[in-house]
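Each chain, letter by letter, is given below.
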Amino acid sequence: MSEEDFTEDEYQRNPDLAIKRRVRANQLQRNVRRSKIKLNRLRTLLRILLIAILIYGGYRLYHCKMWYVSATAFNSIENKSLKIIGNKITPSYKILNELRRTGVEHVPIFMMDTKELSKNVETLKPIKNVYIRRFWWPARFVIMVDERLPVLTISPSEDVAPIAFFAQGGTLIGRDYMPLNPSYKTYLVLTYGTRGDDYRNWDEKKVSRIEKLARSIEANSGEKITYLDFRNPKDIYVKLQTTTLRIGELNSTAIKRVSAISPILEQVKKMDKPVKYIDLRWEETFYIKLE
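This structure is a prediction, so every number in the text was calculated from the model and none was measured.

Asks: Before we go on, may I ask you to explain the sheet that holds strand 11 (residues 275-279) in this structure?
Replies: Think of a sheet as strands paired side by side through backbone hydrogen bonds, with each pair either parallel or antiparallel. With mixed pairing, nine strands are arranged side by side in an open sheet as 6-5-4-7-8-9-10-11-12. The strands lining the two open edges of the sheet, one partner per strand, are strand 6 (171-173) and strand 12 (287-290). Within the sheet, the average angular offset between the axes of one strand and its neighbour, ignoring direction, is 25°. Two elements, strand 5 (residues 164-167) and strand 6, share three bridges in a ladder whose sense is antiparallel. Counted as the bridge partner of Phe165 is Ile173 from strand 6.

Structure follows, in structure tokens:
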């Protein structure tokens with residue numbers, strides 16, 4: 001007969017049975033507590049093991065070579081860790097020189113601060129903005145350059161290649177960045193850069209006025225400008241495809257004076273004699289100068 005077959009009255013009448021029952025119950029409780037303790041210890045051990053694995057894996061991942069850009073990334077444009085796009089005016093070697101001023105930090109690329117790199121490259125005159133993209137696997141840079149748009153090229157003579165150019169905003173950029181890419185369509189301005197009207201002193205307003213004059217002439221004449229002659233700033237000439245315009249000074253009436261060029265050109269085309277230039281120095285009158 002097992003202990004489970006005894007009734008409560010029998011346990012009360014027989015103290016030995018009651019003691020055995022309490023001992024057995026206590027033993028079962030101790031076994032349960034031991035099991036819980038072992039399970040908790042196992043869980044703690046597994047947590048510690050998992051944390052150790054994550055720490056080790058993070059350490060190995062952090063120090064993985066694929067996250068790091070080569071220390072020689074800015075030494076050559078041929079480096080696979082670097083790509084420069086959008087620089088049609090600025091030579092790549094000039095951009096590399098600016099990048100080397102900061103160099104490559106020995107940290108994973110996703111932790112690298114590129115602000116100083118951008119600021120260095122933006123010190124180059126033709127460059128308006130710089131955007132640096134970072135690719136993580138494998139680590140590499142893509143330098144995207146936004147350059148200023150050329151509007152006027154400067155030359156002392158129509159037979160001499162341009163020696164400088166003005167970009168939008170009136171920024172003068174020198175011969176270090178010449179010749180310009182042929183895809184840029186600019187107005188050629190002839191000037192000696194002499195005292196009194198030195199092109200090196202032209203500001204954004206002056207450049208904008210010259211550009212507006214050129215656009216107005218092309219719009220009203222239907223012809224492309226070959227050059228604008230500013231070698232005598234008080235007596236400006238504009239060479240078109242078929243004839244020459246004598247503008248005089250670039251004052252507040254210049255745009256209005258060239259706005260009536262279309263009917264005058266029609267008359268010139270019908271003339272049998274060669275025309276030296278069309279004189280537009282006066283607002284109300286004009287005349288055609290023959291050879």
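Asks: Help me understand the nonpolar core, please; the structure alone is not making it clear to me.
Replies: As a rule of thumb, soluble globular proteins bury nonpolar side chains together. By size, the foremost hydrophobic cluster in this structure holds 33 residues, and its most contacted members are Trp202, Ile217, Leu228, Leu245 and Ile247. The element best represented in this core is helix 5 (residues 204-221), accounting for five residues. Apart from the residues within four sequence positions on either side, Trp202 is in contact with Ile154, Phe166, Val189, Asp197, Val207, Ile210 and Phe230. Of all hydrophobic cores here, the second largest spans 28 residues; its members include Val69, Ala73, Phe165 and Leu180.

Asks: Explain the sheet that holds strand 1 (residues 82-85) here, please?
Replies: Taken in spatial order, the three strands of this open sheet run 1-3-2, and their pairing is mixed. Of all strands in the sheet, those with a lone pairing partner are strand 1 and strand 2 (127-136), marking the two edges. For this sheet the average axis-to-axis angle between neighbouring strands, irrespective of direction, equals 15°. Where strand 1 and strand 3 (residues 139-147) come together, four bridges link them in parallel fashion. Its bridge partner lying in strand 3, Lys83 is registered against Val142. Against the sheet, helix 3 (residues 92-100) engages strand 1, strand 2 and strand 3, with an angle of about 125° to strand 1.

Asks: Please clarify how the pairing of strand 5 should be interpreted in this entry.
Replies: Neither face of strand 5 is exposed, since Ala164 and Phe166 on one face and Phe165 and Ala167 on the opposite face are all buried. Of the strand pairs in this sheet, strand 4 (residues 150-155) and strand 5 are connected by four bridges, and their pairing is antiparallel. The residue of strand 5 that forms the bridge with Pro150 is Ala167. The turn linking strand 5 back onto strand 6 is made up of three residues, and Gly169 within it adopts a positive phi angle of 95°.

Asks: Help me out: how do you make sense of the side chain of Thr114 in this one?
Replies: Mapped onto the elements of the fold, Thr114 is located in the loop between helix 3 and helix 4 (115-121). Residues within four places of Thr114 in sequence aside, it is in contact with Ile132, Arg134 and Phe141.

Asks: What exactly am I supposed to notice about the confidence of the model for the chain here?
Replies: In regions of low pLDDT, the predicted coordinates are not meant to be interpreted in detail. For the chain, the average pLDDT comes to 86, and 90% of its residues sit at 70 or higher. When pLDDT is averaged over each element of the chain, strand 7 (residues 187-190) comes out on top at 97 and helix 1 (residues 8-13) at the bottom at 58.

Asks: What am I meant to see in the packing of aromatic side chains here?
Replies: Ring pairs (aromatic) are described by centroid distance and by the angle formed between their planes. Counted according to the given criterion, the structure contains five aromatic pairs. Look at Phe74 and Phe141: their rings are 5.9 Å apart centre to centre, the planes differ by 35°, and that puts the pair in the tilted class. With Phe74 in the loop between helix 2 (15-62) and strand 1 and Phe141 in strand 3, the pair connects residues that are 67 residues apart, well separated along the chain. As far as burial versus exposure is concerned, Phe74 and Phe141 are alike and both buried. Ring plane angle 65° and centroid distance 6.0 Å describe the contact between Trp202 and Phe230, whose orientation is recorded as edge-to-face. Here Trp202 is found in the loop between strand 7 and helix 5, whereas its partner Phe230 is found in the loop between strand 8 (225-229) and strand 9 (236-240), with 28 residues between them in sequence. Judged by relative accessible area, which is 2%, Phe230 ranks as buried. Grouping aromatic residues by their ring pairs yields a cluster made of Phe166, Trp202 and Phe230. For the cation-ring pair, Lys94 lies above Tyr177, with the distance from its terminal atom to the ring centre recorded as 5.3 Å.

Asks: Would you take a moment to explain the pairing of strand 8 for this structure?
Replies: Remember that side chains alternate between the two faces of the sheet whenever the strand is regular. Most of strand 8 is tucked away, with four of its five residues classed as buried. Pairing between strand 8 and strand 9: four bridges, direction antiparallel. Paired with Tyr227 across the two strands is Lys239, which belongs to strand 9. Taking the residues that link successive antiparallel strands as the turn, the strand 8-strand 9 hairpin has six residues.

Asks: I'm lost on the pattern of salt bridges in this one. Help?
Replies: Note on pairing: side chains with opposite charge can pair once their charged atoms come close. According to the stated counting rule, one finds eight salt bridges in the structure shown. The partner of Lys256 in a salt bridge is Glu283, with the nearest N and O atoms 2.9 Å apart. Taken together, the residues span a long stretch of sequence, with Lys256 in helix 6 (residues 254-258) and Glu283 in the loop between strand 11 and strand 12 at a distance of 27 residues. The partly exposed category is assigned to Glu283, whose relative accessible area is 39%. Asp279 serves as the salt-bridge partner of Arg281, at 2.6 Å between the closest nitrogen and oxygen. For Arg281, a relative accessible area of 27% puts it in the partly exposed group.

Each value, and the rule that gives it
- All residue numbers refer to position in the chain's written sequence, counted from 1.
- Only residues with pLDDT of at least 70 are given local features in this predicted model, and only at 80 or more are side-chain atom pairs given and counted; all residues enter the totals for whole chains, interfaces and linings.
- Neither water nor hydrogens contribute to the side-chain values; these are computed over all heavy atoms in the structure.
- Strand pairing requires that DSSP identify at least two bridges connecting the strands.
- Secondary structure elements follow DSSP: runs of H or I no shorter than four residues count as helices, runs of E no shorter than two count as strands, and numbering proceeds from the N terminus.
- Convention adopted: a line fitted to C-alpha atoms gives each axis, helices being fitted over their contacting stretch, and angles between N-to-C directions are expressed from 0 to 180 degrees.
- In plain words, nonpolar cores are sets of buried Ala, Val, Leu, Ile, Met, Phe, Trp, Tyr and Cys residues tied together by side-chain atoms within 4.5 Å.
- Residue burial is assigned from relative accessible area. The probe radius is 1.4 Å, only protein chains are included, and a residue is buried under 20% of its type maximum, exposed over 50%, and partly exposed in between.
- The contact rule is simple, with two residues in contact once any of their heavy atoms fall within 4.5 Å.
- Within a predicted model, pLDDT stands for the predictor's per-residue confidence, ranging from 0 to 100.
- Here a pair means two rings of Phe, Tyr or Trp (six-membered ring of Trp) with centres within 6.5 Å. Their orientation is stacked below 30 degrees between planes, edge-to-face above 60, and tilted elsewhere.
- In this analysis the charged atom, NZ for Lys or CZ for Arg, is taken to sit over a ring once it is within 6 Å of the ring centre and within 35 degrees of the ring normal.
- Criterion for a salt bridge: a side-chain nitrogen of Lys or Arg within 4 Å of a carboxyl oxygen of Asp or Glu.

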